[in-house]
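Okay, here's what each chain looks like letter by letter:
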Amino acid sequence: MKQKIVIQLSMSCDKSRAKALTLAARAAGVTSMGITGDARDQLEVVGDGVDPVCLVCCLRKKLGHAQIIKVEEVKKPEEKKKDEPKPAPAVPVHPPPYYYPPSYYHHQYQPPHMVADVCDEQPGNCRTM
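- In the nomenclature of an unreviewed UniProt entry, the protein chain corresponds to HMA domain-containing protein from the organism Triticum turgidum subsp. durum.

Here it is in structure tokens:
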């Protein structure tokens, strides 16, 4: 299940923001993250199977104060489009077939030469020939 986690941090400078992003990127299952909020003090993490408690504990160890603001499931944009009627699929237009001009080389079939029987006689009972 893909989820979005918003964590409030005590970030006063760009160095601590970069450190928070690095720690979030190392967490298992994180697909994207970013700094949000008016004071740029919130970390927004999106991922599949991310443990928010473990992530906050790691951030508290390295940065100090960290608090979970919101954890919500991310819905796919396809689910929102299901309510809208779908347009009819376009009919593919095939170009007319292209015929190659006849080749000027014409191979004439010649049957294989028949080997004339050297001996018209029927094979006899003699094996020492």
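There is more to say, and it comes next.
### Considering a positive patch on the surface
Then comes step 1: A grouping of Lys 15, Lys 19, Arg 26, Lys 61 and Lys 62 is seen on the molecular surface, where their side chains present a positively charged patch.
Then comes step 2: Among the elements that make up the positive patch, the one with the highest residue count is helix 1 (residues 14-26) (3 residues).
Then comes step 3: Tracing the chain through its elements places Lys 19 in helix 1.
Then comes step 4: You can call Lys 19 partly exposed: its relative accessible area is 42%.

### Brief notes about the side chain of Gln 3
Then comes step 1: Tracing the backbone shows Gln 3 in strand 1 (residues 2-9).
Then comes step 2: Overall, Gln 3 belongs to the buried group, its relative accessible area being 10%.
Then comes step 3: Within the local environment of Gln 3, its side chain forms a polar contact with the backbone oxygen of Val 50, the two atoms lying 2.5 Å apart.
Then comes step 4: Not counting chain neighbours up to four residues away, the residues in contact with Gln 3 comprise Val 45, Val 46, Gly 47, Gly 49, Val 50, Pro 52, Val 71, Glu 72, Glu 73 and Val 74.

### Details of helix 2 (residues 52-63)
Then comes step 1: In this model, helix 2 (12 residues) spans 16 Å end to end at C-alpha, consistent with the 16 Å of a helix rising 1.5 Å per residue.
Then comes step 2: Burial in helix 2 covers these residues: Pro 52, Leu 55, Val 56, Leu 59 and Leu 63. For helix 2, the angular spread of buried residues about the axis comes to 95°, placing them on one side. Seen from the open side of helix 2, the exposed residues pointing more than 90 degrees away from its buried face are Val 53 and Lys 61.
Then comes step 3: Buried-residue contacts for helix 2 involve strand 1, helix 1, strand 3 (42-48) and strand 4 (66-73).
Then comes step 4: The first or second residue beyond helix 2 is Gly 64, which carries a positive phi of 110°.

### Details of the pattern of salt bridges
Then comes step 1: Tallying each qualifying case throughout the model produces 3 salt bridges.
Then comes step 2: The salt bridge partner of Arg 17 is Asp 14, with a shortest N-O separation of 3.1 Å. Of this pair, Arg 17 and Asp 14 both sit in helix 1, 3 residues apart, roughly one helical turn.
Then comes step 3: The partner of Asp 14 in a salt bridge is Arg 40, and the shortest N-O contact between them spans 4.0 Å.

### Quick look at the packing of helix 1 against helix 2
Then comes step 1: Their axes nearest at 10 Å, the elements helix 1 and helix 2 cross at an angle of 145°. You can see that helix 1 and helix 2 cross each other, and the crossing is right-handed. Judged by residue contacts, Ser 16, Lys 19, Ala 20, Leu 23 and Ala 24 of helix 1 engage Leu 55, Cys 58, Leu 59, Lys 62 and Leu 63 from helix 2.
Then comes step 2: Across the contact of helix 1 with helix 2, the residue classes tally to 7 nonpolar, 1 polar and 2 charged.

Reading the values: the criteria
Residues numbered from 1 in each chain as written. Predicted model: local features only at pLDDT ≥ 70, side-chain atom pairs only at ≥ 80, totals over all residues. Heavy atoms only, no water. Patch = residues over 30% accessible without salt bridge, like charges linked within 9 Å, V, L, I, M, F, W, Y side chains within 5 Å. Areas by Shrake-Rupley, 256 points an atom, 1.4 Å probe, with all protein chains shown as cover. Salt bridge = Lys/Arg side-chain N within 4 Å of Asp/Glu carboxyl O. Lys, Arg positive; Asp, Glu negative; His and termini not counted. Charge placed at Lys NZ, Arg CZ, Asp CG, Glu CD. Helix = DSSP H or I, 4+ residues; strand = E, 2+ residues; numbered from the N terminus. Buried < 20%, exposed > 50% of the residue type's maximum accessible area, 1.4 Å probe, protein only. Polar contact = N/O pair within 3.5 Å; in protein donor to acceptor, adjacent residues only side chain to side chain. Contact = heavy atoms within 4.5 Å. Expected span 1.5 Å × (residues − 1). Arc of directions from axis to C-beta. Axes fitted to C-alpha atoms, helices over the stretch in contact; angles between N-to-C directions. Left-handed = near helix turned anticlockwise from the far one by under 90°. Nonpolar A, V, L, I, M, F, W, Y, C, P; charged D, E, K, R; others polar.

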